[in-house]
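This is what each chain is made of:
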Amino acid sequence: MKKFRRIACMISGLALLLSAVAGCGGEGKTETKAETKAETKASPEGVAETAAGGENSSDPVKIALYGPLTGNNAQYGLTYQATINALCEKVNAEGGINGREVVVEVFDDKNDPKEALNVANLIVSDPEIVAVIGSQTSSPTLAAAPVFEEAGLPMITPQASHVDITPTGEHIFGIASLAPFEGGVIARQMVEDGYKKVAAIYANDDYGLNIIERWESDVKGAGLEIVDMEQYISGQTSDFTPLLSKIKEAGAEAVYIEPSYADAAMICTQMEQLEMGNVQKYACSMCYTDSFLEAAGASAEGMKVCNFLYPETTDETFLALKDLLKEKTQMENIDVYATNAHDAFMLLVDAMKEVGTDGGAVAKWLAEVKDWPGACGPITFDETRHPDKQLFWFQVEEGQFSYIGQ
């Protein structure tokens, strides 16, 4: 059994990310405004006089990134920003996109659908922005995606995985697997582990409702008894003890915890306070982060967490990203949020190197790409405009994620 050392605590992890976000200065700049809009810019070396396809090489290629930079999910958005900052600098140092400078403008949607809609309208009002990356969770992404589709802007979400996001239109893509896939994998693991009475606690949002539907269906199909299902409002609920007490009283042997890492940490802590140590905990990939381990502490011990990334992979793209981020951001524990941000950004860069910045041409290139070398494995988009992914299982042991199998 292999153990992966916890690198940073939640506070220091955020500090490193903030440092990396601000540290794209020098040749570039990052500034936050009232609308929480920031610009990341790095100048290419040896800019060509003209770009492929006749586009004026003096015009930068603008890509928008929107996601949560503040609030409970800020860790995810800051990871996206730090990763893409580093990649943007590298791409520009190597000549940009066919000699054109790449500029990334960053917007904070605060993990709020209304804010995401405002951000989307702000993005499409800028005719220089040619593609979009975001958001982190399903509800903001569902709110924003129709705006980008109508404008003909290619959008790749690194993580949002609700089944209704990519059907918005042919310009909308997702790097993560669809949410129901993960719910099914967790249900299957509970079955394989031999539990008969199970429960779930999940966020009452688009992602939570989507993933729990598949989990519930598969658990019931396998003959397990669901003794309780409790939902809460993410970002607002802090006292989970009434919900957890119901799960305890129902006699659950195992519980599926489906929230962000911040909520999951509070749930684990309160389960410990309620002396629910005999209940096996399962969590989705959003909890595979050092910030969760630090926040949950000893209460996370024994929890099983699935993740799309095997940290000891020898994949060349992953290792190159790991080296880059260690150099530029001091991040050593590269998680799926960094790899997915890499894949979203570099797919757009490669597409525009091949076909230019026309939204329809970029979307067509993305739809037809085969075995593109992503940091989390080769990418080929299926009919849902999501790639196939593989999940790995880990268990928290002595404050570390220990690999236990697929």
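Whatever comes next refers back to the structure up there.
Cut-offs applied
Residues numbered from 1 in each chain as written. Predicted model: local features only at pLDDT ≥ 70, side-chain atom pairs only at ≥ 80, totals over all residues. Heavy atoms only, no water. Helix = DSSP H or I, 4+ residues; strand = E, 2+ residues; numbered from the N terminus. Buried < 20%, exposed > 50% of the residue type's maximum accessible area, 1.4 Å probe, protein only. Areas by Shrake-Rupley, 256 points an atom, 1.4 Å probe, with all protein chains shown as cover. Pairing = 2+ DSSP bridges. Right-handed = clockwise from strand over helix to strand, strands pointing away. 1 Å grid on protein atoms, 1.4 Å probe; cavity = no way out; pocket = protein on both sides within 12 Å on 5 of 7 lines; lining within 4 Å. Points joined across faces, edges and corners; volume = space filled by probe spheres on them. Nonpolar A, V, L, I, M, F, W, Y, C, P; charged D, E, K, R; others polar. Polar contact = N/O pair within 3.5 Å; in protein donor to acceptor, adjacent residues only side chain to side chain. Axes fitted to C-alpha atoms, helices over the stretch in contact; angles between N-to-C directions. Parallel < 35°, antiparallel > 145°, perpendicular 65-115°, else oblique. Contact = heavy atoms within 4.5 Å. Arc of directions from axis to C-beta. Phe/Tyr/Trp six-rings, centres within 6.5 Å; stacked < 30°, edge-to-face > 60°. Core = buried A, V, L, I, M, F, W, Y, C linked by side-chain atoms within 4.5 Å.

Trainee: I would appreciate a short explanation of the overall build of the protein chain in the present structure.
Mentor: Across its full length, the protein chain holds 12 helices and 16 strands. Expressed as a percentage of the 406 residues in the protein chain, the buried residues total 57%. Surface accessibility of the protein chain: about 15,800 Å² in total, with carbon and sulfur atoms responsible for 47%.

Trainee: Any chance you could explain the pairing of strand S8 (residues 197-203) here in plain terms?
Mentor: The element S8 is largely enclosed, with a buried count of six among its seven residues. Pairing analysis gives seven bridges linking S8 to strand S9 (residues 225-232), with the strands arranged parallel. Paired with Ala-200 across the two strands is Met-229, which belongs to S9. A crossover links S8 with its parallel partner S9, the connecting element being helix H6 (residues 206-221), and its sense is right-handed.

Trainee: Can you walk me through the layout of surface pockets in this structure?
Mentor: The gaps left among the atoms become clear once a water-sized probe is rolled over them. Considered as a void within the structure, the largest pocket measures approximately 460 Å³ in volume. Surrounding the largest pocket, 26 residues form its lining, Asn-73, Asn-111, Asp-205, Ser-234 and Gly-235 being those nearest its centre. Class assignment of the residues belonging to the lining of the largest pocket gives a composition of eight nonpolar, 13 polar and five charged.

Trainee: For this particular structure, what's the right way to read the environment of Gln-75?
Mentor: Take Gln-75: it is sitting in helix H2 (residues 74-93). When the C-alpha positions of Gln-75 and Ser-291 are compared, they lie 8.1 Å apart, and in sequence the two are 216 residues distant. A polar side-chain atom of Gln-75 sits 3.3 Å from a polar atom in the side chain of Ser-291.

Trainee: Where do I start with the packing of helix H10 (residues 316-329) against helix H11 (residues 336-355) in this structure?
Mentor: Packed helices, taken two at a time, are described by their axes: the angle between them and the distance between them. As a packed pair, H10 and H11 sit with axes 11 Å apart at the nearest point and diverge in direction by 105°. If you check the angle between H10 and H11, you find them roughly perpendicular. For the pair formed by H10 and H11, the contact residues are Thr-317, Phe-318, Leu-321 and Leu-325 on the first element and Ala-338, Thr-339 and His-342 on the second. Split by residue class, the contact of H10 with H11 holds four nonpolar, three polar and no charged.

Trainee: Explain empty space enclosed by the protein here, please?
Mentor: Enumeration according to the criterion identifies two cavities of 30 Å³ or more in this entry. Roughly 100 Å³ of internal volume is contained in the largest cavity. Taken together, 15 residues line the largest cavity, and the ones lying closest to its centre are Gln-159, Ala-160, Ser-161, Tyr-207 and Met-286. Here the lining of the largest cavity is composed, by residue class, of seven nonpolar, seven polar and one charged.

Trainee: Would you mind showing me how to read the side chain of His-162 here?
Mentor: Here His-162 lies in the loop between strand S6 (155-157) and strand S7 (172-174). Accessibility expressed as a relative area gives 9% for His-162, which makes it buried. Within polar-contact distance, the side chain of His-162 engages the backbone nitrogen of Asp-164 at 3.0 Å. Apart from the residues lying within four places of it in its own chain, the contact partners of His-162 are Ser-138, Leu-142, Leu-178, Asp-206, Tyr-207 and Asn-210.

Trainee: What is the right way to read helix H7 (residues 241-249) from this model?
Mentor: Structural remark: α-helix, 3.6 residues per turn; residues separated by three or four positions point the same way. Along H7, the residues that are buried comprise Leu-243, Leu-244 and Ile-247. Each buried residue of H7 lies within a common arc of 95° when the element is viewed along its axis, so the set occupies one face. Those residues of H7 hidden inside the fold are in contact with S8, S9, strand S10 (254-258) and helix H8 (261-273).

Trainee: Got a minute to help me understand the packing of aromatic side chains in this structure?
Mentor: For any two aromatic rings, the description comes down to two numbers: the centre-to-centre distance and the angle of the planes. Overall, the coordinates contain 15 aromatic pairs when judged by the stated rule. Ring geometry for Tyr-310 against Tyr-403: centres 4.8 Å apart, planes inclined by 55°, an arrangement best described as tilted. One end of the pair, Tyr-310, is in the loop between strand S12 (304-307) and H10; the other, Tyr-403, is in strand S16 (residues 400-405), with 93 residues separating them in the sequence. Residue class for Tyr-310 comes out buried when judged on its relative accessible area of 18%. Through successive ring pairs, a cluster of aromatic residues spans Tyr-288, Tyr-310, Phe-392, Phe-394, Phe-401 and Tyr-403.

Trainee: What should I look at first to understand the nonpolar core in this one?
Mentor: One broad rule of soluble globular proteins: the nonpolar side chains tend to lie buried together. Ile-201, Trp-215, Phe-292 and Phe-345 are the most contacted members of the largest nonpolar core, which has 112 residues in total. Ranked by residues supplied to this core, first place goes to H11 with 12 residues. Those residues in contact with Ile-201 that sit more than four places away from it in its chain are Glu-230, Tyr-232, Phe-240, Leu-243, Leu-244, Ile-247, Val-255, Tyr-256, Ile-257, Glu-258 and Ile-267. Counting residues in hydrophobic clusters, the runner-up holds 18 residues, among them Val-119, Ala-144, Val-147 and Ala-160.

Trainee: Any chance you could explain unusual backbone geometry here in plain terms?
Mentor: It is generally the case that most residues other than glycine have a negative phi and that most peptide bonds are trans. In this structure, the amide linkage connecting Gly-134 to the following residue, Ser-135, adopts the cis form with an omega of -10°. Note on placement: Ser-135 falls in the loop between strand S5 (129-133) and helix H4 (138-151). Located in the positive-phi region is Asn-111, a residue other than glycine, with phi close to 55°. On the secondary structure map, Asn-111 appears in the loop between strand S4 (102-108) and helix H3 (113-124). You can call Asn-111 partly exposed: its relative accessible area is 27%. The residue Asp-371 is not glycine, and still its phi comes out positive at about 50°. Residue position: Asp-371 is located in the loop between helix H12 (359-368) and strand S13 (372-374). Its relative accessible area of 56% is what places Asp-371 among the exposed residues.

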